[in-house]
Every structure is written in structure tokens, then in C-alpha cells.
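One-letter residues, chain by chain:
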Amino acid sequence: MKEQKAHPTFSSRIGFILVTAGAAVGLGNVWGFTYVAGKNGGGGFVLVYLLTLVLIAAPVFMAELLLGRMGRASTPSGLKKLQVRAGSRLPWALPAWVGLVASVFVLSFYSVIAGQVVAYGFEALKGGFAGWTSAQVIALDADFKSSPLQPLFWSALFIFLAGAVVSLDVRSGLERTGKWLMPILLLMLVGLVGFAALKADFSAGFDFLFGFHDITLSTHILMEAVGQAFFTLSIGIGGIMLLGSYMGDNVHLPKASAWIILMDVSVALLAGLAIFPLLFSANMDPAVGPGLVFVTLPLVFADMTGGAVLAFVFFLLLAFAAFTSAISLLATPVARMEEGGISRKKAAVFLGAVSFILSIATTLSFSSWSNYYPLAFLGLHGMTFFDLIREGVNNIILPLGGLAFALMVGWGLKREDVRAALPIKNRALFTIWYAVLRYLVPVAITALFVTAIIGE
Ligand code: PFF
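Rules of the game
Residues numbered from 1 in each chain as written. Predicted model: local features only at pLDDT ≥ 70, side-chain atom pairs only at ≥ 80, totals over all residues. Heavy atoms only, no water. Helix = DSSP H or I, 4+ residues; strand = E, 2+ residues; numbered from the N terminus. Rg over C-alpha atoms; globule rule 2.2 N^0.38 Å. Buried < 20%, exposed > 50% of the residue type's maximum accessible area, 1.4 Å probe, protein only. Contact = heavy atoms within 4.5 Å. Areas by Shrake-Rupley, 256 points an atom, 1.4 Å probe, with all protein chains shown as cover. Lys, Arg positive; Asp, Glu negative; His and termini not counted. Charge placed at Lys NZ, Arg CZ, Asp CG, Glu CD. 1 Å grid on protein atoms, 1.4 Å probe; cavity = no way out; pocket = protein on both sides within 12 Å on 5 of 7 lines; lining within 4 Å. Points joined across faces, edges and corners; volume = space filled by probe spheres on them. Nonpolar A, V, L, I, M, F, W, Y, C, P; charged D, E, K, R; others polar. Core = buried A, V, L, I, M, F, W, Y, C linked by side-chain atoms within 4.5 Å. Near = heavy atom within 4 Å. Polar contact = N/O pair within 3.5 Å; in protein donor to acceptor, adjacent residues only side chain to side chain. Phe/Tyr/Trp six-rings, centres within 6.5 Å; stacked < 30°, edge-to-face > 60°. Lys NZ or Arg CZ within 6 Å of the ring centre and 35° of its normal.

A. Examining the overall build of the chain more closely. A tally of helices and strands in the chain yields 18 helices and 0 strands. For a compact globule of 456 residues, the expected C-alpha radius of gyration is about 23 Å, and the chain comes in at 21 Å, within 12% of that figure. If you line up the chain on its principal axes, its C-alpha atoms span 65 × 50 × 50 Å. Each of the 456 residues in the chain was classed as buried or not, and the buried ones make up 56%. Pairs at least 24 residues apart make up 81% of the contacts formed inside the chain by residues separated by at least 6 positions. Surface exposure of the chain reaches about 18,800 Å², of which carbon and sulfur atoms provide 69%. Positive and negative charge centroids in the chain, built from 28 and 22 side chains respectively, lie 15 Å apart.

So, in C-alpha cells, the structure goes:
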């Protein structure tokens, strides 16, 4: 029998924090957050989002990390171990398997959007959209999407680079990449916000994000806020659990979680503070939807002195954010295959290839399949492949996975075990967190599903 290698750990606390923050900070923070906040009217939505993040997503994030550190294996095996320890007969590994499949699906659409980001970075390098008209920018976006070869090329390149990092061992691949890219990303972001503060309509942007505007709470908005909160923290498909399994025993889990969540929220809010002032000084509409980053922003850059540099910095930042998340998406199934005796390199090549093939479906969703609705027979009219993958993962798989993790920690494992593994000294904080996992999270997620199913 092959000798089992010891499960690796990161070399330092800061390494763990940066890699995990890197997994969390991604397209969701910049592309996703700004368009969802823009579409939902800003301030009120931001408040609901922050509340769901702190009250529901953050406690689940800690639970998922904890499961990882207690399991110290790939996600299905770690959960299986904990199931035995809890003496439960339920299939604990199931959500981890679903998560592994979901990771490959997420990577497949993630790489298409990230690919467009990289392509735009090059475009910025060539001249930065200077003097472009809106027709030109719209055409660039449309041409990019409708010529399947271009997006596929960039998406393949992106997946290839992610695969190259993941095929290395955990410390030289994941840890080193996070340690380099995250600080650079934060510096670039602060630079962009500084620019927006000095040169753009900062107060309008600030007011849009933080001012209180009327918001009518609907189940849809709540679901969108919960989905965004789970997606942004990468909760529910085991990516965080795997990183938890690499976390040293000397790392204070609650404190490290607080840092990571703080970084994630700050990046989203700072991205908003960089983008919305630019939009408002150019009199653009924040509610355009997913095209915000690819159409509206380049137009803003086109008209600005220094726009070329800004555009380049912006797309580079976004590419870094996407990349650190992509490596975490790929690392989760790779870890399981490695446990089965397959080398990391072979696993990365195989899973990268599968994601790439799936990414063709996303790419085509923007061109020849834009009117093809694969699940129309189930009543899901108007949803392309891309919509199905994205919304299916965001609105169904992530919340259900998060729910499963909360139930395992809250109800499955013994309270003393959980407390000792965390470990947390403050009794009150522990009691609140534990109660949130046991009651608030299950009730909130079930309520959301029920209202979504029976309709508003
Ligand atoms: N958190 C990432 C983002 O906000 O873009 C997305 C993500 C990455 C989700 C990794 C899930 C995951 F496992």
C-alpha cells in the first residue's frame, strides 16, 4: 500500500490569512458587488448585505474553517472522519462531493469572465481606451463575446496558469501566490480609491453606497444579499474547508476569520468607492447590471486624463483577485484526487481540462446559445447555461452547503469538541456563535427557500 503523506499545512499565520482572503476576494467583490449594489439602488442594499454577511455568512465561514482544521484531509474524507467521530449515520461527505463538482462548474464560468478581464488588461496596455466612443466600447464587449475563439483563448490561458500554481505543493503554489498577489492587490485598490477621492465625484459615490435610500425588502433582494454574502466568502462548496485543513494549530481561528472577513468586505466597499465616484462624475447609470465593469467603466476611462494607467491598474487588480480565487477553486478537487494517489500535476491537468470544456458552454451562452435555454422544459425559461450555473450555484448550492456545514458544527459534533477545537475563551461570544449556527442559520436559510418556492 502507498504510504499516506502527512496532510500539509501553511508555513505561517499570515500565509494562511492571505491565501484564504485571496480565495474570498475575487470577481464577486469587484464585478459582482458593484453591479448587484448598483442594480439594487446602493445604500439600502449594502446595509442588508452587510447584515447578512455579519449575522449569517461570517459564523458559517468560521464553521467551515473549523471543519477543515478538525478533519485535516480533503473535504469528503475530512467530513467522513468527523461523521464517524460524531457517531452519525447521515452522509456527511455528500455536501463535500457536491462542492467538488460545483467548484469545477464555478471555475468554468469564472474563467470566462476572468479571461475577459485579462483581455481588457491587454487592451488597456495598448492604449487604454483613450478617446473611444461608446459605440466602440459596446462593440468591443459584443465582439469579444460573440467570437467564441477569443474568450476561449483567454479562459484557457487563465485556467492553465491556475493549474500551474495548483500543481505545485501547497506551500510553494497556493501560499506563495497569495502572499505576493494579495498585498499588491490591496495597494492597487487603495491607489484607485485615492484617485477617485481626488479626481472624481467622491461624495456622490460615497452617498450612493452608504447613504440611506429607500429600499423595499423583497425575498428576491434578501436572496440576492445572502447569495452574494456566501459567494463573496466562498462558503458552501468546501473551498474554505480545504484551506482550514491547511491552517496551523497555532492560528487563532476566530481572530484569523475576523481579519479575512474584514479584508473581504473592505475590498468590496473600496471597489465601490473607486468605481461609483468615477461613474457619477461621468454621469453614467450605476444600474446597468453585469456590463458595469466591461462597458461602463472603459467608457469612463476613455474620457479621462490618466485613464489608460487607471484602466490597466483596474483590470490587473481584478485579474489578481480572480486568480487567487481560481486557484482555491481548483485546489479543492485536486486535493481529493491527490489523496486517491494521483499526482497534483495530473489532477490539475484533468480538472483544468474539464473546466475548460464546461467553459465553452458559458462562452456560447453569450453568443450562439444566448437564446438557448437548456432547462426550459422544467419551466426555467430565459435562463442560459451561464445563468443556470451561476444562479444554481449562488442561490441553491452555496446556501445549502453552508446550511449543511452549520448543522454539522451546531448539531452534529459535540459542543465541548467544537469549543476545544476553536478555541475561544470568551464564553458569551462562543454561545452567540453556536446559537447562530444551531438556530438562526437554519431558520433563515429554510425561510428563504420556502418563500422563494411558494413565491412572494
Ligand atoms: N469568493 C469568490 C468571489 O467573491 O469572487 C468566488 C468563489 C471562489 C466562490 C471560490 C467559491 C469558491 F470556492
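B. Structural view of unusual backbone geometry. Here the phi dihedral of R72 falls at roughly 40 degrees; this positive angle occurs in a residue that is not glycine. Along the polypeptide, R72 turns up in the loop between α3 (43-71) and α4 (75-86).

C. Highlighting the layout of surface pockets. Here the largest pocket defines a volume of roughly 860 Å³. In terms of lining residues, the largest pocket is bounded by 40 residues, among which Y35, D387, R390, E391 and N395 are the most central. Contributions of two or more residues to the lining of the largest pocket are made by α2 (27-39), α5 (93-126), α6 (134-146), α10 (219-232), α16 (385-412) and α18 (427-454). With 9 residues, α16 is the largest single contributor of residues to the lining of the largest pocket. Of the residues in the lining of the largest pocket, the class split is 19 nonpolar, 13 polar and 8 charged.

D. Here's a closer look at the nonpolar core. Membership of the largest hydrophobic core comes to 148 residues, with the highest contact counts inside it found for F314 and W433. Here this core gets 18 residues from one element, more than from any other, and that element is helix α14 (residues 307-339). Dropping the residues within four chain positions of it, W433 is found in contact with P59, M62, A63, L66, V409, V418 and L422.

E. Local environment of the site of the ligand. Close to the ligand lie 13 residues, the nearest being A24, G28, Y110, F231 and S234. Contact between the ligand and T232: a nitrogen atom at 3.1 Å from a main-chain N or O atom of the residue. Protein contacts shield 99% of the accessible area of the ligand, which totals 340 Å² for the unbound molecule. Every element with two or more residues in the shell around the ligand is listed here: α1 (13-24), α2, α10 and α14. When residues in the shell around the ligand are grouped by element, the largest group, 3 residues, is from α2. Residue classes in the shell around the ligand are distributed as 7 nonpolar, 6 polar and no charged.

F. Highlighting the packing of aromatic side chains. All chains considered together, the criterion is met by 29 aromatic pairs. Ring geometry for F314 and F315: centres 5.2 Å apart, planes at 80 degrees, overall edge-to-face. Of the residues examined, F314 reaches a relative accessible area of 4% and is grouped as buried. On the accessibility criterion, F315 (1% relative accessible area) is buried. Here the aromatic rings of F430 and W433 are separated by 5.9 Å at their centres, their planes lie at 55 degrees, and the arrangement is tilted. With F430 and W433 both in helix α18 and 3 residues apart, the pair spans about one turn of that helix. The burial state of F430 is the same as that of W433; both residues are buried. Grouping aromatic residues by their ring pairs yields a cluster made of Y120, F129, W132, F144, F294, F301, F314 and F315. Above the ring of F430, the side-chain terminus of R419 is found at 5.2 Å from the ring centroid. Against the face of W411 rests R438, its NZ or CZ located 3.7 Å from the ring centre.

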